[in-house]
Structure formats: C-alpha cells, structure tokens
Amino acid sequence: KRYYFHTAPATKKPFKFIQGGDSRNNRDVRQEGNRLVAKTRPLFVSFGGDMTDRGKDEQWQAWLDDWQLTFAADGRIFPIVPIRGNHERAQYMPNIFAINNTDCYYKITIADNLFCQYLLNSEINTEGAQKYWLQTDLEANRGRVTFLSATYHKPMRPHVAAKKENNYIYRYQLYVFSYHK
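Calculation rules
- Every chain's residues receive numbers from 1 upward, in the order its sequence appears when written.
- This being a predicted model, a pLDDT of at least 70 is required before a residue's local features are given, and a value of 80 or more before pairs of side-chain atoms are given or counted; all residues contribute to the totals for chains, interfaces and linings.
- Computation of side-chain values: all heavy atoms of the structure, hydrogens and water removed.
- The secondary structure listing takes helices from DSSP runs of H or I that are at least 4 residues long and strands from runs of E that are at least 2 residues long, numbered from the N terminus.
- Only C-alpha atoms enter the radius of gyration, while the globule expectation follows 2.2 Å times N to the 0.38, with N the number of residues.
- Categorising residues by exposure relies on relative accessible area from a 1.4 Å probe, with only protein chains included: less than 20% of the type maximum marks a residue as buried, more than 50% marks it as exposed, and the intermediate range marks it as partly exposed.
- It only takes one pair of heavy atoms within 4.5 Å for two residues to be counted as in contact.
- For accessible areas, the Shrake-Rupley method is used with a probe of radius 1.4 Å. Any residue's cover is judged against the shown protein chains and nothing else.
- The convention is simple: Lys and Arg are positive, Asp and Glu are negative, and His and the chain ends are not counted.
- For this purpose, a charge sits on NZ of Lys, CZ of Arg, CG of Asp or CD of Glu.
- Following DSSP output, two strands are said to pair if at least two bridges run between them.
- Structural elements are reduced to axes, namely lines fitted to C-alpha atoms, with helices fitted over the stretch in contact, and the angle between N-to-C directions of any two is expressed from 0 to 180 degrees.
- Residues grouped as a nonpolar core are buried Ala, Val, Leu, Ile, Met, Phe, Trp, Tyr and Cys residues, joined through side-chain atoms within 4.5 Å.
- Orienting the strands away from the viewer, one traces the path from the first strand over the helix to the second; a clockwise path indicates a right-handed crossover.

Colleague: Which parts of the structure should I look at to understand the overall build of the chain?
Modeller: When its secondary structure is counted, the chain shows five helices and six strands. When the helices and strands of the chain are placed in sequence order, the string is β-α-β-α-β-α-β-β-α-β-α. The C-alpha radius of gyration of the chain comes to 17 Å, within 12% of the 16 Å expected for a compact globule of 181 residues. By its C-alpha atoms, the chain is 45 × 45 × 30 Å across when sized along the principal axes. Expressed as a percentage of its 181 residues, the buried residues of the chain come to 41%. Taking the contacts inside the chain whose residues are at least 6 apart along the sequence as the reference set, 74% of them involve residues at least 24 apart. By element, 51% of the accessible surface of the chain is carried by carbon and sulfur atoms, the whole surface being about 10,400 Å². In the chain, the 26 positive side-chain charges and the 18 negative ones have mean positions that sit 5 Å from each other.

Have a look at this one:
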C-alpha cells in the first residue's frame, strides 16, 4: 500500500494538531484514540511522553503497531512530534524518532513562524543546558512567532495530591517563557 503525508506549510496558513500523551497502560483506549487521529486528520501529533510502561522492546512494538491505527483509509499518515516521559528510556527516543538531540529537547516552527512549539524534557536538569538553550532561542526569536507553545511531560502543578509540585519546571522553564513573552 502507498502512504503519504502532508508537509507543514511554508507560509502562514491555518492547520490543526493534536496534543496527547500517557497512552502506556490502557491499550484499548490508546487504540481508540489512534483511530480518532485518522478521522481528525491533523498536520501532526505532539505526543507528551509515556508511550510505554517500562520502555521494553515488546511494549514499543505494541505501541508502534497501535500507531498504525492512525493511518487514514486513503493512506495518509500523520507525523508524531514526541517528547520523553518518565517511562521512556532515554536512549530509545533518539533512535525510534530520529531526534537529533540525545537529551530529547528541541523545537519545531511551522508556517513562516505562525507557530513554534518547544518540546522540553522534564526528565533531565531543567536548570542547565536545556534552560540555556531555551532562553537563548527565545531571545533570538522574540517577536517573530505568532503562536508560541511548549510541551513537557511532568506537569508543574500535578492534578492529584499524591504527586509533588514540580517547582523546578516553574522556576526554570515557565519563568523563562514569561520573561520573553
């Protein structure tokens, strides 16, 4: 079967994307969500980590098999823009998704700076090289991007009391964004 995908527009033009994550432990729900991708037909899916439970090869194989449910009936496939969650092994992400940065933080810019998404790694030191890169890039591109977004796995303010506040994300990432708005 022949497959195809749409490349991101080079000029400012509306598009849609899906933000998701945490599909590691309920395969039926994951499969249904993947079928919705095929129906929704986004430009890409930004996936916020925890594809697998332990990062084992068989779990990755199941996840990648299930990802094929996102393929539309006409053969269109939808790119995934992944970030690392706390259940992925660090070395797997660059190999599976061809991420050039082995620390798994990077950005995408679409449609002549209409949209920029920073994909940050909340599993590594947010105060070190990642913060410097983020701050430097935001400074260099201040005022050039219409819509600016960031995604990372661990929420700075968790939704359950059993998980602690992630003040380091607040201090070293949100602060940088709010300073450069």
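Now that the structure has been shown, the text picks up again.
Colleague: Explain the sheet that holds strand β6 (residues 147-151) to me, please; I cannot follow it from the model alone.
Modeller: Note on sheets: strands pair through backbone hydrogen bonds, and any given pair is parallel or antiparallel. One open sheet accounts for three strands, arranged β4-β5-β6; its pairing is mixed. The open sheet terminates on both sides in strands that have one partner only, identified here as β4 (106-110) and β6. Between one strand axis and the next, the sheet turns through 15° on average, direction left out of account. Sheet topology note: the β4/strand β5 (residues 115-119) ladder contains five bridges and is antiparallel. In the strand pairing of β5, Y106 is matched with L119. Against the sheet, helix α4 (residues 129-140) contacts β4, β5 and β6, and its axis sits at roughly 170° relative to β5.

Colleague: Looking at this structure, how should I read the sheet that holds strand β2 (residues 44-47)?
Modeller: Overall, parallel pairing links the three strands, which are arranged β1-β2-β3 in an open sheet. One side of each edge strand has no neighbouring strand; the edge strands of this open sheet are β1 (17-20) and β3 (80-82). Going across the sheet, the axis of each strand differs from the next one's by a mean of 20°, ignoring polarity. Where β2 meets β3, three bridges bridge the pair, whose relative direction is parallel. Residue pairing for β3: F47 is matched across the bridge by P82.

Colleague: Help me out: how do you make sense of the nonpolar core in this one?
Modeller: When a protein is soluble and globular, its nonpolar side chains tend to lie buried together. Within the largest apolar cluster, 26 residues are counted, with the highest numbers of intra-cluster contacts made by M51, W63 and F97. Elements that contribute at least two residues to this core include exactly β2, α2 (57-67), β3, α3 (92-97), β4 and β5. Listed in part, the six residues of the second largest apolar core include C116, L120, L138 and V176.

Colleague: Looking at this model, I keep getting lost on the pairing of β2. Mind explaining?
Modeller: Put simply, side chains in a regular strand alternate between the two faces of the sheet. Burial of the side chains of β2 extends over both faces: F44 and S46 are buried on one face and V45 and F47 on the other. Relative to β2, β1 runs parallel, the two being bridged by four bridges. Bridge pairing in β2 places G20 opposite F47. What joins β1 to β2 is helix α1 (residues 27-40), and the crossover it makes is right-handed. For the crossover that starts at β2, traverses α2 and ends in the parallel β3, the hand is right-handed.

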